[in-house]
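# Structure assessment
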Amino acid sequence: MEKTKLSLDDPFFNDIYDVEEGIPVFKYFLNGEWKKSNDRSKIVSPIDNNVIAYISRPELSEVEKAIENMYSKGKWKIRDMPGDVRLKIIEKIADILEKHQDVVIDSLVINAGKTYNSAKGEVLATIERLRKSPLDLRKIVGDLIPGDWSSEALETEALIRREPYGISLIIIPFNYPLFDSANKITYTILPGNAIILKPPSSDPIPSLFLLKMAIEAGLPKESIALITLPGKHMSKVVSNSKIGIINLTGSTETGIEVMKEAGIKQFIMELGGGDPAIVLGDADISWAAKRISLAITSYSGQRCDSIKLILAEDKIYEQLKNEIVNELSKVKVGDPRDKGVDMGPLIDKSSADQWEEGVKDAMAKGCKILFGGKRINDTFIEPALIECDRDKVKELVAYKEEIFSSIAIITKFSDLNQAIELSNDRRYGLDASIFGNDVNKIRKLVRLLEVGAIYINDMPKHGINYYPFGGRKDSGIGREGIGYSIEQVTAMKSIVYNYKGKGVWDYI
Ligand code: NAP
């Protein structure tokens, strides 16, 4: 196929880049303007390592000045706008995205290496999520607490308000650059916070497109910024005391670093995962195999909710493993621009290096490759299904750490407690999936698994966040969920009214 190239066919996006020697140079958005600079990052496509764009980067001093301005003016601009107007703006972003989706889909294929279907799926999910924003509003409510039940509070009452924190720094991972940007912007803007969006360095273009659409939809320019600094240059930004919320989706290591640097702030941390699937003896094996195979290979395993550990009850183990191998053998790996391809590249060479080390480590510890496990080139791999004795599993790097690509360990158990122990002993606690019908076993798992979400008879899938999800342990703090995240971006304020009247005092 020809060299990768971004589609620049849609004039709607013209003002966010200039073309220099045939390559677009994108701008950042600060202090209400799109700006170009000579300090630039090179953006390559993971499909063929071809340079597809440059991204201008701001000076740190410019970012700090913009935060000052946002704190003194921008945060009031969005907060004082009627909520109804903010809602209409979010709905308008959905309309604009619907109209300009072709270029955005193309950017997800070329910049993120997604297959056409995954890219289209991300765009449709984003539109649906934006359109579901009225459901978030139901949670922006308060309480009225009567003082009657405490002698010290008699003849008082309190109103508990929820109000915006001010400025939220939103840090986006590479795997859902469009959806995550739109989702976090939606629930942060709706109650009236200003935002600073920090896209991922490897595939920032879908987030840039989204910001352009948000501005065109009417978000006040003073209340919104997009900074293209690399994560490793962000320390002065995350520690800035004018920022009230840090909302990060990324790896556990990044989360730990950001929390150390930021000091005391409101945190939403959606961090590393990689999920176990527990398959019980009475499960529908063909269905389980299909869904597990998809959960291993979807976006090349670069999903926080990808299945990394398969725990099968011994009586169905052989059948399950053969059926998963059969399903994996149907997955076509290749250039994601080819619409027949199911699995494209990893985001970069270092991800493939990490995957290769994980496979080698499992081999060195006596495990066996049941399927795939070969590296094709710098960024393309075959999905790896690795069989391992149960007593060896905890030694594997793929068990101890999140390898963010298509690799899954399969082992068997005879007693449910063995599956629970292997699931819970990982440092992560994002989701789990259970396949089976025995309600008593399922209930035991539901009670004892230390995770934020459990999917029964399906693969874990966060989708449009219709149901809330989020991590326990090293998988994070807080929940992403329509109508749930909004509680984390609004601060509670108690207003206590003292009426000083006689009233109930007469009864004491
Ligand atoms: P990452 O390397 O941790 O980066 C995530 C974001 O953090 C990027 O924008 C990155 O910027 C930025 N960053 C890195 N270091 C920073 C620092 N010191 N200060 C401020 N920002 C910093 O993660 P990724 O590889 O993009 O994404 C994959 C990870 O996200 C996986 O661990 C996955 O499980 C997790 N994830 C979790 C969920 C969930 O719901 N729990 C959902 C999706 C993904 P640069 O790109 O410039 O380095």
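The structure contained in this document is the topic of the report that follows. (Residues numbered from 1 in each chain as written. Predicted model: local features only at pLDDT ≥ 70, side-chain atom pairs only at ≥ 80, totals over all residues. Heavy atoms only, no water.)

Bringing the site of the ligand into the picture now. In the region of the ligand, 29 residues are neighbours, and Ile172, Ser201, Thr254, Leu271 and Glu402 sit closest. One of the backbone N or O atoms of Gly231 is found 2.8 Å from an oxygen atom in the ligand. Measuring from a nitrogen atom of the ligand, one finds a side-chain N or O atom of Glu257 at 3.2 Å. Considering the ligand on its own, with 910 Å² of exposed area, one finds that the protein chains cover 87% of that surface. Elements with a minimum of two residues in the shell around the ligand: strand S12 (245-249) and helix H9 (252-262). Broken down by element, the shell around the ligand gets its largest block of residues, four residues, from H9. Looking at the shell around the ligand residue by residue, the classes come out as 15 nonpolar, nine polar and five charged. (Near = heavy atom within 4 Å. Polar contact = N/O pair within 3.5 Å; in protein donor to acceptor, adjacent residues only side chain to side chain. Areas by Shrake-Rupley, 256 points an atom, 1.4 Å probe, with all protein chains shown as cover. Helix = DSSP H or I, 4+ residues; strand = E, 2+ residues; numbered from the N terminus. Nonpolar A, V, L, I, M, F, W, Y, C, P; charged D, E, K, R; others polar.)

Of note, the phi angle at Glu21 is positive, near 45°, even though the residue is not glycine. Tracing the backbone through its elements, the reader meets Glu21 in the loop between strand S1 (17-20) and strand S2 (23-26). The backbone of Asn49 sits at a positive phi, close to 65°, despite the residue not being glycine.

Attention shifts here to the nonpolar core. If you look at the biggest cluster of nonpolar residues, it comprises 82 residues, and the most contacted ones within it are Phe26, Met213 and Ile246. Of all the elements, helix H7 (residues 205-217) adds the most residues to this core, at nine residues. Dropping the residues within four chain positions of it, Met213 is found in contact with Phe12, Phe13, Ile93, Ile96, Leu97 and Val104. In terms of nonpolar packing, the next biggest core, distinct from the first, is built from 34 residues, Val331, Cys367, Ile381 and Ile434 among them. (Core = buried A, V, L, I, M, F, W, Y, C linked by side-chain atoms within 4.5 Å. Buried < 20%, exposed > 50% of the residue type's maximum accessible area, 1.4 Å probe, protein only. Contact = heavy atoms within 4.5 Å.)

The next thing to look at is the packing of helix H3 (residues 101-112) against helix H4 (residues 116-131). Interhelical geometry of H3 versus H4 gives an angle of 130° and a closest axis separation of 9 Å. In terms of their interaxial angle, H3 and H4 are classed as oblique. Pair H3 / H4 crosses with right-handed handedness. Contact residues: H3 offers Gln101, Val104, Ile105, Leu108 and Val109, while H4 offers Tyr116, Ala119, Lys120, Glu122 and Val123. Among the residues making up the contact of H3 with H4, the classes are represented as seven nonpolar, one polar and two charged. (Axes fitted to C-alpha atoms, helices over the stretch in contact; angles between N-to-C directions. Parallel < 35°, antiparallel > 145°, perpendicular 65-115°, else oblique. Left-handed = near helix turned anticlockwise from the far one by under 90°.)

Applying the stated criterion across every chain, the model contains nine aromatic pairs. With 4.3 Å between their ring centres and 40° between their planes, Phe13 and Phe209 make a pair best called tilted. In this pair, Phe13 is assigned in the segment before S1 and Phe209 in helix H7, connecting sequence segments 196 residues apart. Phe209 carries the same exposure label as Phe13, and that label is buried. Their ring planes at 5° and their centres at 6.3 Å tell us that Tyr497 and Tyr499 sit as a pair that is stacked. Here the aromatic cluster, defined as three or more aromatic residues joined through ring pairs, consists of Phe12, Phe13, Tyr17, Phe26 and Phe209. For Lys212, the ring lying beneath its charged end belongs to Phe12, and the centroid distance is 5.0 Å. (Phe/Tyr/Trp six-rings, centres within 6.5 Å; stacked < 30°, edge-to-face > 60°. Lys NZ or Arg CZ within 6 Å of the ring centre and 35° of its normal.)

Function cannot be inferred from these measures alone, as they are strictly geometric.
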